[in-house]
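Structural description and commentary
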Amino acid sequence: MSPPVAPPGWSRWLVPPAALSVHLSIGQAYAWSVFKPPLESALGLTGTQSALPFQLGIVMLGLSAAFGGTLVERNGPRWAMTVALLCFSSGFLLSALGASLEQYWLIVLGYGFVGGIGLGIGYISPVSTLIKWFPDRPGMATGIAIMGFGGGALIASPWSAQMLESFGGDSSGIALAFLVHGLSYAVFMLLGVLLVRVPRTEKPVQSGLSILAGPQVSAKQALRTPQFWLLWIVLCMNVTAGIGILEKAAPMITDFFADTSTPVSVTAAAGFVALLSAANMAGRIGWSSTSDLIGRKNIYRVYLGVGAAMYALIALFGDSSKPLFVLCALVILSFYGGGFATVPAYLKDLFGTYQVGAIHGRLLTAWSTAGVLGPLIVNWIADRQEEAGRHGASLYGLSFAIMIGLLVVGFVANELVRPVDPRHHVPAPKEAAHVERQQSESA
């Protein structure tokens, strides 16, 4: 499938909506916690077990993005969005079959493995294209699109809760909810497939900046630089801290206030998940756009430093005040989303646009690692604390202390980031040949 080239006069502002249609769909992954309680009840699962489809999905997201990044660069965004549509929707259909038959392994295979591939390819599908359309505002451009991934749960969380209420929380009701998700998202993602375009020349419409301005580093060479691995640590620590709350959001807020005079209802817990999604979404556009003004390193200082302070406040005082708990969680999730949206621009600053999509794909293996670490830390410790007879906020004290430590590690790694040594740069003639070859293939 050849990348569709924009005709003369094509507005670059049509590209972000195409990206949003894909990212809003695959962002449903952040609403997984709504399905955890009914799955645990219907299939007799523990909290750790019910997190497995989500964990595997995030692992496959990182792995498919890493191994598919070069293919996405070569084949273009329409090919990538089509692959994402097929895998993500098929994952839901397999999960529906698994729930109907009460075979949990099919849900893990469908949502986690097959759907996770769709997550990874879909996530990186528009990034390189957006940076080429908006070289003057890369943080804002990627923030607009990646905002959709964070905002997907804002739609999916209440929608899923309503379906489970209507269809029932047993295995057949869960299966029907999965089926509706798969078919609906296939239609919505198709809009992005049909709408997306790549720039006609190396100077995108309405921008005077060349996509090859500044130092350029190949994906292969980027892996040999300390900057790549420092950013890997930064992203992994930031994601681990955010995903630890996000994956268990609904049961977590219920546990925190279970022993108080004002416990949290199931409906209110689903609303909390939706609020977190809104913060995640707002952080992606708000903080990434701010990074265009104050710089990438400075904004990550905010994400990691202030994020650690928010975790400390929840650990110390969260169970005594719902507004404080919710506010701190919202700030943490805004930083979580902002970190995702800012990292493509951070990569562009360090490695250029030459193969930024492929580099970004490889960096997302940090997300895979965090997708295992975050839920595992929170769920495993909570399960062990419950077995020891503890309850309420005490289920999470140790895991929150670990998250603070991880954020400090990320803060230090960000401080060590420096410009890439010129010996890693790609010679200018090779860059020009690469762009010329891409344009001839797209024509």
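Please refer to the structure higher up on the page.
Note that the structure is a prediction, hence the values are computed from the model and not measured.

Rules of the game
- Residues numbered from 1 in each chain as written.
- Predicted model: local features only at pLDDT ≥ 70, side-chain atom pairs only at ≥ 80, totals over all residues.
- Heavy atoms only, no water.
- Helix = DSSP H or I, 4+ residues; strand = E, 2+ residues; numbered from the N terminus.
- Rg over C-alpha atoms; globule rule 2.2 N^0.38 Å.
- Buried < 20%, exposed > 50% of the residue type's maximum accessible area, 1.4 Å probe, protein only.
- Contact = heavy atoms within 4.5 Å.
- Areas by Shrake-Rupley, 256 points an atom, 1.4 Å probe, with all protein chains shown as cover.
- Lys, Arg positive; Asp, Glu negative; His and termini not counted.
- Charge placed at Lys NZ, Arg CZ, Asp CG, Glu CD.
- Salt bridge = Lys/Arg side-chain N within 4 Å of Asp/Glu carboxyl O.
- Expected span 1.5 Å × (residues − 1).
- Bend = angle between axes of the 7 residues up to and from the residue.
- Core = buried A, V, L, I, M, F, W, Y, C linked by side-chain atoms within 4.5 Å.
- Phe/Tyr/Trp six-rings, centres within 6.5 Å; stacked < 30°, edge-to-face > 60°.
- Axes fitted to C-alpha atoms, helices over the stretch in contact; angles between N-to-C directions.
- Parallel < 35°, antiparallel > 145°, perpendicular 65-115°, else oblique.
- Left-handed = near helix turned anticlockwise from the far one by under 90°.
- Nonpolar A, V, L, I, M, F, W, Y, C, P; charged D, E, K, R; others polar.
- Polar contact = N/O pair within 3.5 Å; in protein donor to acceptor, adjacent residues only side chain to side chain.

Counting its regular elements, the protein contains 19 helices and 0 strands. Computed over its C-alpha atoms, the radius of gyration of the protein comes to 21 Å, within 12% of the 22 Å expected for a compact globule of 443 residues. For the protein, the spread of C-alpha atoms along the three principal axes comes to 65 × 45 × 30 Å. Counting over 443 residues, the protein shows a buried share of 59%. Residue pairs at least 24 apart in sequence account for 85% of intrachain contacts in the protein once pairs closer than 6 positions are excluded. Surface summary for the protein: the accessible area is close to 15,900 Å², and the carbon and sulfur share equals 68%. Averaged over its 25 positive side-chain charges, the protein has a centre that lies 13 Å from the centre of its 21 negative ones.

Moving on, we get to the pattern of salt bridges. Summed over all chains, the structure comprises 7 salt bridges. A salt bridge links Asp 136 to Arg 12, with the shortest nitrogen-to-oxygen separation between them at 3.2 Å. In this pair, Asp 136 sits in the loop between α7 (127-133) and α8 (138-167) while Arg 12 sits in the segment before α1 (15-26), placing the two residues 124 residues apart along the sequence. Assessed through its relative accessible area of 2%, Arg 12 is described here as buried.

This brings us to helix α6 (residues 104-124). For α6, built from 21 residues, the straight-helix expectation of 30 Å at 1.5 Å per residue is met to within 8% by its first-to-last C-alpha distance of 29 Å. The sharpest bend along α6 comes to roughly 35°, located at Gly 115. Taking burial as the measure, the 21 residues of α6 include 17 buried ones, the bulk of the element.

Counting residues in hydrophobic clusters, the biggest one holds 121 residues, and the most contacted among them are Tyr 123, Phe 178, Phe 256, Tyr 336, Phe 340, Phe 351 and Trp 367. Considering every element that reaches this core, the biggest residue donor is helix α15 (residues 322-351), with 14 residues. Phe 256 has contacts with Ile 314, Gly 318, Asp 319, Phe 325, Gly 392, Ala 393, Tyr 396 and Phe 400, leaving out every residue within four places of it along the chain. Listed in part, the 13 residues of the second largest apolar core include Val 15, Leu 130, Phe 134 and Ala 141.

One pass over the structure, following the stated rule, counts 29 aromatic pairs. Their ring planes at 90° and their centres at 5.0 Å tell us that Tyr 336 and Phe 340 sit as a pair that is edge-to-face. Taken together, the residues Tyr 336 and Phe 340, both in helix α15 and 4 residues apart, mark about one turn of the helix. In this structure Tyr 336 comes out as buried when scored by relative accessible area, which is 0%.

Contact geometry for helix α5 (residues 77-101) and α6: axes closest at 7 Å, N-to-C directions at 165°. Between α5 and α6, the interaxial angle falls into the category roughly antiparallel. The handedness of the crossing between α5 and α6 comes out as left-handed. Grouping the amino acids of the contact of α5 with α6 by side-chain chemistry returns 17 nonpolar, 8 polar and no charged.

Attention now moves to the packing of helix α14 (residues 296-317) against α15. Where α14 contacts α15, the axes come no closer than 9 Å and their chain directions differ by 160°. Judged on the interaxial angle alone, α15 and α14 are roughly antiparallel. When you trace α14 past α15, the crossing you get is left-handed. Of the residues that constitute the contact of α14 with α15, the class distribution is 20 nonpolar, 4 polar and 3 charged.

Okay, unusual backbone geometry next. A positive phi angle, near 60°, is found at Glu 102, a position not held by glycine. You can see Glu 102 is positioned in the loop between α5 and α6.

Another point: the side chain of Asn 414. Within the secondary structure layout, Asn 414 lies in helix α18 (residues 397-415). Judged by its relative accessible area of 0%, Asn 414 falls in the buried class. At 3.1 Å, the side chain of Asn 414 forms a polar contact with the backbone oxygen of Lys 297.

For helix α12 (residues 249-256), the buried fraction is high: 6 of the 8 residues fall into the buried class. Every buried residue belonging to α12 is among Ala 249, Ala 250, Pro 251, Met 252, Ile 253 and Phe 256, and all of these are buried. Those residues of α12 that are buried lie in contact with α11 (226-246), α13 (266-294), α14, α15, α17 (365-387) and α18.

This part is about the environment of Ala 175. Its place among the elements puts Ala 175 in helix α9 (residues 171-195). According to the relative accessible area criterion, Ala 175 is buried, its value standing at 8%. Spatially, the C-alpha atoms of Ala 175 and Ala 99 are 4.9 Å apart, while their sequence positions differ by 76 residues. Other than its neighbours up to four places away in sequence, Ala 175 contacts Ala 96, Ala 99 and Ser 100.

Checked against the element boundaries, Thr 342 lands in helix α15. Look at Thr 342 and you get buried, because its relative accessible area is 0%. Not counting chain neighbours up to four residues away, the residues in contact with Thr 342 comprise Trp 287, Ser 288, Ser 291, Arg 296, Ile 299, Tyr 300 and Tyr 303.

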